[in-house]
Amino acid sequence: MAPTRRNNDGLLARVNFPLYTLQMVTSRHILVGGGGGSSKTGVANGFEIFEISHNGETFVAEEVVRHETGPTVVMNSATHNNGKHTYLVAGQESHCQLYNVKMSVGTEKRGSVSNTDITNEGSGARQRKKRNSTSDASKNSSEQKTQSNGTIKTQKRLNFEIKPSDSIQTDFSAEEPLQRVVRISRNGQIMVTGGTDGFIRVWQFPSMNKILNIKAHSKEIDDLDICPDSASIASISKDGTCCLWNAQNGKKTSTLTWEIPANSKYLYKRCRYGIRGNGTDIDSLFTLANPVGQAGSLKSYLQLWEPASGKLRKSYPFDESLAALAVRDDGMFVAVGTMFSGSVSIHVAFSLQRIMSVRNAHGMFVTGLEFLPTSLDGPAVTCPYEAAVVSISVDNRVCIHQVPFRHSMPVWLVLVLMVLLLCASFTVCSYVGL
């Protein structure tokens with residue numbers, strides 16, 4: 001049975017607005033976005049970037065940049081680094097805003113840390129009190145060196161400069177246009193958006209020129225994902241379907257179906273492609289499916305599909321509705337966030353075996369999950385864990401949940417035991433005259 005714990009020690013940081021989107025910017029920087037919308041409640045709209053590190057005992061997050069977006073809440077986002085430039089796209093109502101993210105290395109001298117420099121908001125949470133609320137000249141530690149007196153430290157830090165660029169309308173619903181989701185392909189050549197009008201729109205990236213306009217669903221789109229080889233797009237909608245599309249010509253290639261329990265209705269909630277083997281075997285698609293209405297004893301499911309055949313390989317049941325989904329960049333692990341209890345669970349991708357359950361990670365439903373990556377810009381966070389996943393919620397909290405390395409028997413010991421077993425079997429057979 002997977003270990004279960006309550007999340008009393010996983011808090012990384014608190015922000016002063018509800019959180020709806022979470023992205024990795026580099027291998028050790030996360031971006032969280034959200035806000036209170038256009039109503040005059042005093043709740044800010046925008047995003048923040050944090051650096052994550054491990055101090056030998058726990059994960060620590062330090063705020064390095066904050067950018068406010070005026071009256072428009074950030075509901076969804078995507079990031080891409082092509083080796084030369086880093087881009088951020090953010091869904092703001094019916095439009096998608098492109099940001100150029102410029103990073104440069106700087107140095108900073110600091111004295112001993114005191115309570116006047118940092119405020120702690122729970123275990124691992126670390127924020128500077130005085131930060132420029134704009135996006136320029138914000139800094140993020142990656143290396144530090146203690147001077148001879150033991151108190152002064154010189155730190156190499158990343159400077160972030162975030163500048164708005166193009167803004168394009170991506171949803172044209174007559175009643176309430178809203179971009180629900182945006183994705184950028186791994187190769188950085190296309191961007192895909194979906195919204196309340198049911199259209200999938202494919203854009204050339206980063207020029208933001210429209211390539212395809214696909215009338216995909218009869219109701220609003222809840223989620224999209226681009227296959228790692230950029231050849232296929234998966235979409236799910238409130239019309240109850242999960243469809244796969246050719247990313248080059250926009251033609252539908254299949255609609256996923258499964259045996260739904262009698263007299264019940266299910267809606268897909270999230271979809272994510274996965275990879276296997278050496279990273280080129282793209283044969284996995286993960287979805288979340290929730291029963292509609294008064295579900296009673298009906299389960300919600302984490303599902304593993306074979307995209308080429310449309311075959312449902314495996315499913316894992318949950319006792320409550322599911323809200324968020326993430327797959328690690330190497331395809332080894334899957335994370336799921338729940339709707340009512342705000343819990344997070346981590347699973348082995350190929351078997352869906354649950355290896356970690358964090359009950360009540362958040363006070364409300366989980367809105368975003370991201371694994372700390374194994375391969376992104378810069379070195380990964382060094383920590384004594386097999387996997388770690390960051391979660392966010394509208395409760396304003398950023399949390400992290402880690403999986404300790406699972407103990408396995410060494411190969412040499414397995415071989416020794418096999419030899420001993422064979423010898424014992426031979427001895428017994430000889431003794432009884434067989």
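- The name an unreviewed UniProt entry assigns to the protein is Prolactin regulatory element-binding protein, from the organism Thrips palmi.
- Word for word, the UniProt comment on the protein under Subcellular location (unreviewed entry) is "Endoplasmic reticulum membrane".

### Overview of the pairing of strand S19 (residues 232–237)
Here's step 1: Buried residues dominate S19, accounting for six of its six residues.
Here's step 2: Residue alternation in S19 divides its side chains into two sets, Ser232, Ala234 and Ile236 and Ile233, Ser235 and Ser237, and both sets are buried.
Here's step 3: In this structure, strand S18 (residues 221–226) lies alongside S19, joined through five bridges in antiparallel fashion. Bridge assignment links Asp223 to a residue of S19, and that residue is Ile236.
Here's step 4: Between S18 and the antiparallel strand that follows it, S19, lie five residues; Ser230 among them carries a positive phi value of about 65°.
Here's step 5: When S19 meets strand S20 (residues 242–246), the two strands line up antiparallel, connected through five bridges. Following the sheet pairing, Ala234 is matched in S20 by Leu244.
Here's step 6: What sits between the antiparallel neighbours S19 and S20 is a turn of four residues, in which Gly240 has the positive phi angle 90°.

### Regarding the UniProt feature "repeat: WD" (unreviewed entry) in the protein
Here's step 1: According to UniProt, the "repeat: WD" (unreviewed entry) feature falls on residues 182–213 and 214–255.
Here's step 2: With 0% helix and 62% strand, residues 182–213 has its two end C-alpha atoms placed 14 Å apart.

### Observations regarding the nonpolar core
Here's step 1: By size, the foremost hydrophobic cluster in this structure holds 22 residues, and its most contacted members are Leu12, Ile30, Val32, Phe59, Leu372, Val390 and Val398.
Here's step 2: Elements supplying a minimum of two residues to this core: strand S2 (11–14), strand S3 (19–26), strand S4 (29–35), strand S5 (45–54), strand S6 (59–68), strand S31 (387–393) and strand S32 (397–403).
Here's step 3: Not counting chain neighbours up to four residues away, the residues in contact with Val398 comprise Gly10, Leu11, Leu12, Ala13, Leu19, Ile30, Val32, Val390, Ser391 and Ile392.

### Section: the sheet that holds strand S17 (residues 209–215)
Here's step 1: A sheet is described by the order of its strands in space; here four strands give the open sequence S14-S15-S16-S17, paired in antiparallel fashion. Unpaired on one side and paired on the other, strand S14 (179–184) and S17 mark the two borders of the sheet. Looking at each pair of strands side by side, their axes are set apart by 20° on average, direction ignored.
Here's step 2: One ladder, built from five bridges, connects S14 with strand S15 (residues 190–195); its direction is antiparallel. Across the sheet, the residue bridging to Gln179 is Gly195, located in S15.

### Considerations on the sheet that holds S2
Here's step 1: Strand order in this open sheet of four strands is S2-S32-S31-S30, and the pairing throughout is antiparallel. In this open sheet, the two edge strands, each paired with only one partner strand, are S2 and strand S30 (366–371). With strand direction ignored, the average angle separating the axes of adjacent strands in the sheet is 20°.
Here's step 2: Across five bridges, S30 lies against S31 in antiparallel orientation.

What counts as what
Residues numbered from 1 in each chain as written. Predicted model: local features only at pLDDT ≥ 70, side-chain atom pairs only at ≥ 80, totals over all residues. Heavy atoms only, no water. UniProt positions renumbered as here; feature names shortened; annotations may be inferred. Buried < 20%, exposed > 50% of the residue type's maximum accessible area, 1.4 Å probe, protein only. Helix = DSSP H or I, 4+ residues; strand = E, 2+ residues; numbered from the N terminus. Pairing = 2+ DSSP bridges. Core = buried A, V, L, I, M, F, W, Y, C linked by side-chain atoms within 4.5 Å. Contact = heavy atoms within 4.5 Å. Axes fitted to C-alpha atoms, helices over the stretch in contact; angles between N-to-C directions.

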